[in-house]
Amino acid sequence: MQLFHQPPQRERTQFERSLQRLEQEVLRMGALVEQAFRLGHNCLFKEDLEAYETLRALDKEIDRYYRRIEADCSAMLTLKAPVSQDCRFVSAFMQLVRDLERIADYAEDLAEKSMRLVPYPTHILMADIEGMSEHAQLMLSTSLVALADLDPNAGTYVKRLDDRVDDDYDRIYAALAQQQNQPGVIEPFILMALIIRDLERMADHATNIAQRVSYIITGQRG
């Protein structure tokens, strides 16, 4: 889906071109965040500890995208006097990149927690947590495809996907809580509880992205 619908011979305005460039920058940032999520996942579940250094460098690049896009959005809102629909586009993009930046931060948190889990045997619940992580990654990729396609139904669809992550969180947390009374070191149980909380928040941010896409098209969050 194209960002704007207009007669073929009509020359695009400078503001419209700026919006299209902005959308492409957001999508590039989104691709980097997807990569960061995969790296955090691999650190945690595939013991790819070398990915941690790659992730730290990638997070700095994501932060640079975030600052640049936020500055561009601010300039477009304050200097170009957009009409109300244009304001909706720009403000949604500004909020959307904050969600992306937070997902990248959580991905780095996952990698850091994986380092602390290394000394401990792999707990049986890690298989369930891995499934939760894979589903949250699916939500992020679905939201970014929705952004590329400007899908007005994205918010409703991804919110339904989020229900599974919420159910996984409740189920795994309950299982962890029952095991904390076992003798021995409790750190791995604490780390796993923090990991599922990170994943739940990442899924929430992916849902926010999809709902902001719906808002861009319809004026409703879906």
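Residues numbered from 1 in each chain as written. Predicted model: local features only at pLDDT ≥ 70, side-chain atom pairs only at ≥ 80, totals over all residues. Heavy atoms only, no water.

1. Some words on the overall build of the chain
Then, number 1: Check the secondary structure of the chain and you find 6 helices and 0 strands.
Then, number 2: Ordering the α and β elements of the chain from the N terminus gives α-α-α-α-α-α.
Then, number 3: For the chain, the residues scored as buried account for 51% of the 222 residues in total.
Then, number 4: Within the chain, residue pairs in contact and separated by at least 24 positions form 80% of the contacts whose partners lie at least 6 positions apart.
Then, number 5: When the accessible surface of the chain is summed, it comes to about 11100 Å², and 49% of that surface belongs to carbon and sulfur atoms. (Helix = DSSP H or I, 4+ residues; strand = E, 2+ residues; numbered from the N terminus. Buried < 20%, exposed > 50% of the residue type's maximum accessible area, 1.4 Å probe, protein only. Contact = heavy atoms within 4.5 Å. Areas by Shrake-Rupley, 256 points an atom, 1.4 Å probe, with all protein chains shown as cover.)

2. Quick look at helix α6 (residues 187-218)
Then, number 1: Counted at 1.5 Å a residue, the expected span for α6 with its 32 residues is 46 Å, and the 46 Å between its end C-alpha atoms agrees.
Then, number 2: Positive backbone phi, approximately 85 degrees, marks Gly219, located one or two places after α6. (Expected span 1.5 Å × (residues − 1).)

3. Observations regarding a nonpolar patch on the surface
Then, number 1: A contiguous nonpolar patch, built from Leu49, Met115 and Val118 and spanning about 220 Å² of accessible area, is present on the exposed surface.
Then, number 2: Residue position: Met115 is located in helix α3 (residues 84-117). (Patch = residues over 30% accessible without salt bridge, like charges linked within 9 Å, V, L, I, M, F, W, Y side chains within 5 Å. Salt bridge = Lys/Arg side-chain N within 4 Å of Asp/Glu carboxyl O.)

4. Details of the side chain of Glu101
Then, number 1: Here Glu101 is to be found in helix α3.
Then, number 2: Of the buried charged residues, Glu101 lacks a salt bridge, with Arg102 as the closest side chain of opposite charge at 4.7 Å.
Then, number 3: In this view, Glu101 contacts Met29, Asp63 and Tyr66; residues no more than four positions away in its chain are not counted. (Lys, Arg positive; Asp, Glu negative; His and termini not counted.)

5. Remarks on the pattern of salt bridges
It is possible for side chains of opposite charge to pair when their charged atoms get near one another.
Then, number 1: In total, this model carries 14 salt bridges according to the counting rule given.
Then, number 2: Here Glu70 makes a salt bridge to Arg98, at a shortest N to O gap of 3.4 Å. Taken as a pair, Glu70 in helix α2 (residues 51-79) and Arg98 in helix α3 lie far apart in primary sequence, 28 residues in all.
Then, number 3: As a salt-bridge pair, Arg197 and Glu200 come within 2.6 Å of each other at their nearest N and O atoms. Here Arg197 pairs with Glu200, and both are found in helix α6, just 3 residues apart, close to one helical turn.
Then, number 4: We classify Glu200 as buried; its relative accessible area is 10%.

6. Quick word on the environment of Lys60
Then, number 1: Mapped onto the secondary structure, Lys60 falls in helix α2.
Then, number 2: On the accessibility criterion, Lys60 (48% relative accessible area) is partly exposed.
Then, number 3: As for Lys60 and Ala104, which are separated by 44 residues in sequence, their C-alpha atoms are 9.8 Å apart.

7. Notes on unusual backbone geometry
Then, number 1: Despite not being glycine, Glu47 has its phi angle at roughly 55 degrees, a positive value.
Then, number 2: Assignment of secondary structure puts Glu47 in the loop between α1 (14-45) and α2.
Then, number 3: We note that Leu150 has phi near 50 degrees; this positive angle belongs to a residue other than glycine.
Then, number 4: Turning to its location among the elements, Leu150 is positioned in the loop between α4 (126-149) and α5 (154-179).
Then, number 5: A relative accessible area of 1% places Leu150 in the buried class.

8. Considering the environment of His205
Then, number 1: Along the chain, His205 turns up in helix α6.
Then, number 2: Through-space distance from the C-alpha of His205 to that of Asp99 is 5.2 Å; in sequence the pair is 106 residues apart.
Then, number 3: Apart from the residues within four sequence positions on either side, His205 is in contact with Asp99, Arg102, Ile103 and Tyr106.

9. Brief notes about the confidence of the model for the chain
Then, number 1: On average, the chain scores 89 in pLDDT, and the residues at 70 or more come to 90%.
Then, number 2: pLDDT under 50 marks residues 1-11. Its contacts with residues more than four places away, or in other chains, come to 16 contacts. (pLDDT = per-residue confidence, 0-100.)

10. Describing the nonpolar core
Then, number 1: In terms of nonpolar packing, the biggest core is built from 72 residues, with Met29, Leu100, Ile129 and Leu140 touching the most fellow members.
Then, number 2: Taken together, the elements giving at least two residues each to this core come down to α1, α2, α3, α4, α5 and α6.
Then, number 3: In terms of residue count, α3 provides more of this core than any other element does, 15 residues in total.
Then, number 4: Setting aside its immediate chain neighbours within four residues, Ile129 contacts Phe45, Ile172, Met192, Ile195, Ile196 and Leu199. (Core = buried A, V, L, I, M, F, W, Y, C linked by side-chain atoms within 4.5 Å.)

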